[in-house]
Amino acid sequence: MSAVSPDLLQRFDIPGPRYTSYPTADRFVEAFGADDYIQALEQRRTGMAKAMAMPLSLYVHIPFCESLCYYCACNKIITKHHSRAEEYLRYLSREIDLHVAHVGKGQVVSQLHLGGGSPTFLNDAELRELMAMLRRSFTFTPGGEYSIEIDPRTVDATRLANLAELGFNRLSFGVQDFDPAVQKAVHRIQPAEQVFALMATARSLGFESVNVDLIYGLPMQTPESFDRTLAQVVELKPDRIALYAYAHLPERFKPQRRIITAELPNGASKVSMLSRSLSAFLDAGYVYVGMDHFALPDDALAVAKRQGRLHRNFQGYSTQPDCDLIALGVSSIGRVGATYSQNAKTLADYYDLLDQGRLPVVRGLAVSRDDLARRAVIMAVMCQGQVQFEAVELAYLIDFKSYFAAEMNALADLAKQGLVELSDTGIQVTADGWFFVRAIAMVFDRYLQTDRTRATFSKII
């Protein structure tokens, strides 16, 4: 870690996509609608790929939260009225039925993720109802990844036991920071003792993996205060850690306007926090998976990285093969075949389309041949840390160095900085380069290179 200097971290303190997809979601268009999405679903069921169809990944978006966290940029609805969940589940059931009508009943699922909002806004009976709906329509394979995001303020030992009974085997706790002053500044008070107790319970219940989310760059944070949070996280010893840089974009995200700008740490402090975090987690034995993610050496994510089996989708890094993702719920984004699609972003529009008997897709994209080639390269960089020219050439019938001539010139500069190694046969991300893998991937992003709308993205470190 000592080789990754603060100067290098500062140099790459720039905005860029997270590449949970390519092209990125800001490239989706309204010209792509429900009919295009239905065609992709039908092709999955009846097309040539049927015999080779991979298991599905499912994402369900639960938009409700009881309390507003000021840093949040998610699509959410703040409400104390839990009756709204009952109505939402009825509409989710309609959406599931519409999918089954086009893709067929009993499709095999190997990955499920409940996100939000706060999925644990749903009570135990409602979560049981949701899982029953999904299991009636899809076939969940043993040994799959079934995860749920947890707001620690909304669960106790009994609720965790119920989640295990429902089949969830992975949890993600939203922690962000343990410092009381920071928690007050972002309107999210949750004592460290509460999280430690929940972690102990999760371990006793046999959950396969528990993740903790952290954010650096929040108001009232200092490198010294964040050191204390890092020490507590190391003591907590989650299986995985996701460390995100806070992106302050109050012009886009209304809740962030409640944050006092003067209380935000400056750029130098943020770089220091990142540098100290990397050192703390690596010293504690975590493997840097890439893109803000760390895992213990025996966690499935770290094992997948070592074995070259790492994949990436809208849930982030995954051990599951690159598969179609059906996304359910308001604002959710899916991928089926060579298409991306996004549901209506407001609850009113989402409900209205389902009332009409229509899938609530309002925008998306049919990817081009160039998109596919670039996606293959970007995902190889992000997941395997290397690109073999011959594999891309055979798959897309191109001469790599000619097709990507401009990109190879740009990579030469990154090679001088020690982030990649270039050879006649491929590109290799170095150990230091893993910490800046988004910057390397950005070289192959044709859309980003043409209009440079980077200000809409979070910082890459």
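Only a predicted model underlies this, so the values are computations on that prediction, with no experimental measurement involved.

Q: Which parts of the structure should I look at to understand the overall build of the protein?
A: Regarding its fold elements, the protein presents 17 helices and 19 strands. Taking 461 residues into account, the globule formula puts the C-alpha radius of gyration at 23 Å, and the protein, at 22 Å, falls close to it. Here the C-alpha coordinates of the protein stretch approximately 55 × 55 × 40 Å along the principal axes. Counting only contacts in the protein whose residues sit at least 6 apart along the sequence, the fraction spanning at least 24 positions is 73%. Total accessible area computed for the protein in this model is approximately 18800 Å², and 53% of it derives from carbon and sulfur atoms.

Q: Teacher, can you tell me more about the pairing of strand 13 (residues 325-328) here?
A: Residues Leu 325 and Ala 327 of strand 13 are buried on one face, and the alternating residues Ile 326 and Leu 328, pointing to the opposite face, are buried as well. As paired elements, strand 1 (residues 56-62) and strand 13 share four bridges and run parallel to each other. Paired with Ser 57 across the two strands is Leu 325, which belongs to strand 13.

Q: I would appreciate a short explanation of the pattern of salt bridges in the present structure.
A: A side chain of one charge can pair with a side chain of the opposite charge when the charged atoms of the two come close. Per the counting criterion, the structure on display carries 18 salt bridges. Salt-bridge contacts for Arg 228 lead to Asp 179; the nearest nitrogen and oxygen are separated by 3.7 Å. On the criterion of sequence distance, the pair formed by Arg 228 in helix 8 (residues 223-236) and Asp 179 in the loop between strand 6 (170-176) and helix 6 (180-185) is long-range, its members being 49 residues apart. You can call Arg 228 partly exposed: its relative accessible area is 49%. We classify Asp 179 as buried; its relative accessible area is 14%.

Q: In this structure, what is going on with unusual backbone geometry? I would like to understand it.
A: One can expect most non-glycine residues to show negative phi and most peptide bonds to be in trans. Between Tyr 22 and Pro 23 the backbone carries a cis peptide bond, its omega angle lying at -5°. The residue Pro 23 is located in the loop between helix 1 (6-11) and helix 2 (34-46) in this model. A cis amide bond links Gly 116 to the next residue, Gly 117, at an omega of 20°. Assignment of secondary structure puts Gly 117 in the loop between strand 4 (107-116) and helix 4 (124-137). Look at Met 220: it is not a glycine, yet its phi comes out positive at around 75°. Judged by relative accessible area, Met 220 falls into the partly exposed class, the value being 38%.

Q: Would you mind going over the packing of aromatic side chains with me for this structure?
A: The relative placement of two aromatic rings is captured by the distance of their centres and the angle of their planes. Counted according to the given criterion, the structure contains 18 aromatic pairs. Geometrically, the ring pair formed by Tyr 91 and Tyr 351 is stacked, given 4.0 Å between the ring centres and 20° between the ring planes. Remark: Tyr 351 occurs in helix 11 (residues 347-355) and Tyr 91 occurs in helix 3 (residues 83-103); sequence separation between them is 260 residues. Residue Tyr 91 is classed as buried on the basis of its relative accessible area of 9%. For Tyr 351, a relative accessible area of 9% corresponds to the buried category. Each member of the aromatic cluster is reached from another via a ring pair, and the members are Phe 64, Tyr 88, Tyr 91, Phe 121, Tyr 350 and Tyr 351. One cation-aromatic arrangement involves Arg 312 over Tyr 317; the distance from NZ or CZ to the ring centre is 4.6 Å.

Q: For this particular structure, what's the right way to read helix 9 (residues 267-283)?
A: Residues three or four positions apart in an α-helix share a direction because the helix packs 3.6 residues into each turn. Along its 17 residues, helix 9 runs 24 Å from first to last C-alpha, staying within 8% of the 24 Å computed at 1.5 Å per residue. Looking at helix 9, one finds that the buried residues are Ser 269, Lys 270, Val 271, Met 273, Leu 274, Ser 275, Ser 277, Leu 278 and Phe 281. Two residues or fewer past helix 9, Gly 285 is found with a positive phi of approximately 100°.

Q: I would appreciate a short explanation of the sheet that holds strand 18 (residues 420-422) in the present structure.
A: Pairing between sheet strands relies on hydrogen bonds along the backbone, with the strands arranged either parallel or antiparallel. One open sheet holds the three strands; their spatial order is 17-19-18, and the pairing between them is antiparallel. Because the sheet does not close on itself, it has two edges, and the strands there are strand 17 (386-388) and strand 18. Taking each pair of neighbouring strands and ignoring which way they run, the sheet shows an average axis angle of 15°. The pairing of strand 18 with strand 19 (residues 426-429) spans three bridges and is classified as antiparallel.

Q: Explain the state of the cysteines here, please?
A: Each disulfide consists of one covalent bond between the sulfur atoms belonging to two cysteines. Counted according to the given criterion, the structure contains zero disulfides. In this structure Cys 72 is not part of a disulfide, and its nearest cysteine sulfur, from Cys 74, lies 3.8 Å away. Here Cys 383 is not disulfide-linked; the sulfur of Cys 323 is the nearest cysteine sulfur, at 12 Å. The buried category is assigned to Cys 383, whose relative accessible area is 3%.

Q: So what exactly am I meant to see when it comes to the environment of Met 408 here?
A: Summarising the element assignment, Met 408 is placed in helix 15 (residues 405-416). Each C-alpha atom, one on Met 408 and one on Asp 299, is 35 Å from the other, the two residues being 109 residues apart in sequence. Leaving out residues up to four positions away in the same chain, Met 408 has contacts with Phe 389, Phe 400, Leu 422 and Ile 427.

Q: Explain the side chain of Gln 176 here, please?
A: Examined against the element boundaries, Gln 176 turns out to sit in strand 6. Residue classification places Gln 176 among the buried residues on the basis of a relative accessible area of 8%. Excluding anything up to four places from it in sequence, Gln 176 contacts Tyr 71, Arg 188, Asp 213, Leu 214, Ile 215, Leu 218, Gln 221 and Phe 226.

Q: Looking at this model, I keep getting lost on the side chain of Arg 159. Mind explaining?
A: Along the polypeptide, Arg 159 turns up in helix 5 (residues 157-165). Classification of Arg 159 by relative accessible area gives buried; the value is 12%. From its side chain, Arg 159 meets the backbone oxygen of Thr 120 in a polar contact 3.0 Å long. The residues touching Arg 159, leaving out its near neighbours within four places in the chain, are Thr 120, Leu 122, Asn 123, Asp 124, Leu 127 and Thr 154.

Reading the values: rules and limits
- Residues numbered from 1 in each chain as written.
- Predicted model: local features only at pLDDT ≥ 70, side-chain atom pairs only at ≥ 80, totals over all residues.
- Heavy atoms only, no water.
- Helix = DSSP H or I, 4+ residues; strand = E, 2+ residues; numbered from the N terminus.
- Rg over C-alpha atoms; globule rule 2.2 N^0.38 Å.
- Contact = heavy atoms within 4.5 Å.
- Areas by Shrake-Rupley, 256 points an atom, 1.4 Å probe, with all protein chains shown as cover.
- Buried < 20%, exposed > 50% of the residue type's maximum accessible area, 1.4 Å probe, protein only.
- Pairing = 2+ DSSP bridges.
- Salt bridge = Lys/Arg side-chain N within 4 Å of Asp/Glu carboxyl O.
- Phe/Tyr/Trp six-rings, centres within 6.5 Å; stacked < 30°, edge-to-face > 60°.
- Lys NZ or Arg CZ within 6 Å of the ring centre and 35° of its normal.
- Expected span 1.5 Å × (residues − 1).
- Axes fitted to C-alpha atoms, helices over the stretch in contact; angles between N-to-C directions.
- Disulfide = S-S within 2.5 Å.
- Polar contact = N/O pair within 3.5 Å; in protein donor to acceptor, adjacent residues only side chain to side chain.

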